[in-house]
Amino acid sequence: MFRMSNIDDGSWGHLADTEHFGRKTSSSDVRVISYNETTHPKYVNYTKAGHCMIYSKQNEKMFGLYDTRAAVLMQMRFDGYIGFPGGLIDDGENTVSGVNRELVEEINFDLEKFTIKEEHHVISHVNEKLKLILHFFAIEVPLQDFEEMEKKSLSAHDYGNEVMGIVRIPLYTMGDGFRGFPAFLTNAFAGNSREQLLQSLIQRQIMTKEEIERALEAKAI
Ligand SMILES: O=c1[nH]cnc2c1ncn2[C@H]1C[C@H](O)[C@@H](COP(=O)(O)OP(=O)(O)O)O1
Ligand SMILES: [Mn+2]
Ligand SMILES: [Mn+2]
Ligand SMILES: [Mn+2]
């Protein structure tokens, strides 16, 4: 097993038990599973994680040119991958309670104003190899609350360690046909967060399937 050289004890330290969940896996290892199915006893020993897309539709024009469509919040993670706020559900913890806890830890989410509920569930995936279930939620908030969240995230408990900063996603494509959203999609994404993003942009009618396909095919010139 690969061992980090720059940690004194020559191991993964406290990450040892969970870092393998963050390693790149092939999409064939992951399949969609219904939320109810994940409560089946056969998955009782699976590790569960839950992440959430927080977004606010907007029709601002970037530089008076490009339709920004929506403010969508993602984060640069400690591991250099881009992902959604959220994380591992503790043993015995209720899934949405775990997601809300992780959102408080990672972006200082104000549970007085918003809480993630099962109605916000979008899709779940299971990775049988890793015995890992990934739940994904999405919540639309007013732009003013979105902007408030961005500011408050700087004082989140995990800001500057697990979370290296939050980003908004450029959902427009610039005149060269690549910069903006297509360029953003060339980043390294955590887990299946890239697929989760693309599917929810279509499902939430922020982008059409054709636009997503065009962005995926675009090449830098
Ligand atoms: O945004 C994501 N969507 C799907 N899977 C993800 C996402 N971010 C990470 N992951 C995978 C890979 C991670 O190792 C596990 C656990 O999530 P993580 O956020 O790292 O867990 P903690 O915040 O440390 O509890 O899920
Ligand atoms: Mn976390
Ligand atoms: Mn996390
Ligand atoms: Mn955690």
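- The protein chain is annotated in an unreviewed UniProt entry as U8 snoRNA-decapping enzyme of Gryllus longicercus.

## Examining the overall build of the protein chain
So, point 1. Scanning the protein chain from N- to C-terminus turns up five helices and 10 strands.
So, point 2. By the compact-globule yardstick of 17 Å for 221 residues, the protein chain fits well, its C-alpha radius of gyration being 18 Å.
So, point 3. Taking contacts inside the protein chain between residues at least 6 apart in sequence as the whole, the part at least 24 apart equals 63%.
So, point 4. If you sum the accessible surface of the protein chain, you get close to 11,900 Å²; carbon and sulfur atoms cover 52% of it.
So, point 5. Charge separation in the protein chain, taken as the distance between the mean sites of 24 positive and 33 negative side-chain charges, equals 6 Å.

## Notes on the site of ligand 1
So, point 1. In the neighbourhood of ligand 1, 18 residues make up the surrounding shell, with His 51, Phe 84, Leu 88, Glu 106 and Gln 196 lying closest.
So, point 2. For ligand 1, an oxygen atom lies 2.7 Å from a polar atom in the side chain of Glu 106.
So, point 3. Across the complex, the protein chains shield 92% of the 530 Å² of accessible surface that ligand 1 would expose by itself.
So, point 4. Only β7 (86-88), α1 (95-107) and α4 (193-203) provide two or more residues apiece to the shell around ligand 1.
So, point 5. Among the elements that line the shell around ligand 1, the one with the most residues is β7, at three residues.
So, point 6. Here the residues of the shell around ligand 1 are counted per class, giving five nonpolar, nine polar and four charged.

## As for the coordination of the manganese ion (ligand 2)
So, point 1. At 2.1 to 2.2 Å from the manganese ion (ligand 2) lie its protein donor atoms, namely Glu 102 (OE), Glu 106 (OE) and Glu 162 (OE).
So, point 2. Here the manganese ion (ligand 2) and the manganese ion (ligand 3) are spaced 3.3 Å apart, linked through Glu 106, which binds each one. Within this pair, Glu 102 and its partner Glu 106 are both found in helix α1, separated by four residues, close to a single helical turn.
So, point 3. The exposure class of Glu 102 is buried, given its relative accessible area of 8%.

## Considering the environment of Leu 130
So, point 1. With respect to the helices and strands, Leu 130 occurs in the loop between β8 (121-127) and β9 (132-140).
So, point 2. Each C-alpha atom of the pair Leu 130 and Gly 191 lies 12 Å from the other, and the pair is 61 residues apart in sequence.
So, point 3. Those residues in contact with Leu 130, other than ones at most four positions away along the chain, are His 20, Phe 21 and Thr 25.

## Re the pattern of salt bridges
So, point 1. Within the structure shown, the criterion is met by 14 salt bridges.
So, point 2. Between Glu 37 and Arg 31 there is a salt bridge, with the nearest N and O atoms lying 4.0 Å from each other.
So, point 3. Given a relative accessible area of 32%, Glu 37 falls into the partly exposed group.
So, point 4. Judged by its relative accessible area of 35%, Arg 31 is partly exposed.
So, point 5. Residues participating in the shared-partner salt-bridge network are Asp 90, Glu 93, Arg 101, Glu 102 and Glu 105.

## Examining the pairing of strand β2 (residues 47-57)
So, point 1. With nine of its 11 residues buried, β2 lies for the most part within the structure.
So, point 2. Pairing between β2 and β9: nine bridges, direction parallel. In the strand pairing of β9, Tyr 55 is matched with Glu 140.
So, point 3. With three bridges joining them, β2 and β7 adopt antiparallel strand pairing.

## Topic: the environment of Met 74
So, point 1. Looking at the secondary structure, you find Met 74 in strand β5 (residues 70-77).
So, point 2. Note: C-alpha distance between Met 74 and Gly 165 (91 residues apart in sequence) is 8.7 Å.

## Some remarks on the nonpolar core
One broad trend across soluble globular proteins is that nonpolar side chains are buried collectively.
So, point 1. Of all hydrophobic cores here, the largest spans 24 residues; its most connected members are Val 72, Leu 171, Phe 181, Leu 197 and Leu 201.
So, point 2. Every element with two or more residues in this core is listed here: β2, β5, β8, β9, α3 (181-184), α4 and α5 (209-217).
So, point 3. If near-sequence neighbours (up to four positions away) are discounted, Phe 181 is found in contact with Ile 169, Pro 170, Leu 171, Tyr 172, Thr 173, Leu 197, Leu 198, Leu 201, Met 207, Ile 212 and Ala 215.
So, point 4. Judged by nonpolar contacts, the second largest core, of 18 residues, contains Tyr 35, Cys 52, Ile 54 and Val 99.

Conventions we followed
Residues numbered from 1 in each chain as written. Chains lettered and ligands numbered in written order. Predicted model: local features only at pLDDT ≥ 70, side-chain atom pairs only at ≥ 80, totals over all residues. Heavy atoms only, no water. Helix = DSSP H or I, 4+ residues; strand = E, 2+ residues; numbered from the N terminus. Rg over C-alpha atoms; globule rule 2.2 N^0.38 Å. Contact = heavy atoms within 4.5 Å. Areas by Shrake-Rupley, 256 points an atom, 1.4 Å probe, with all protein chains shown as cover. Lys, Arg positive; Asp, Glu negative; His and termini not counted. Charge placed at Lys NZ, Arg CZ, Asp CG, Glu CD. Near = heavy atom within 4 Å. Polar contact = N/O pair within 3.5 Å; in protein donor to acceptor, adjacent residues only side chain to side chain. Nonpolar A, V, L, I, M, F, W, Y, C, P; charged D, E, K, R; others polar. Donors = N, O, S within 2.8 Å, 3.2 Å for Na, K, Ca; no water. Buried < 20%, exposed > 50% of the residue type's maximum accessible area, 1.4 Å probe, protein only. Salt bridge = Lys/Arg side-chain N within 4 Å of Asp/Glu carboxyl O. Pairing = 2+ DSSP bridges. Core = buried A, V, L, I, M, F, W, Y, C linked by side-chain atoms within 4.5 Å.

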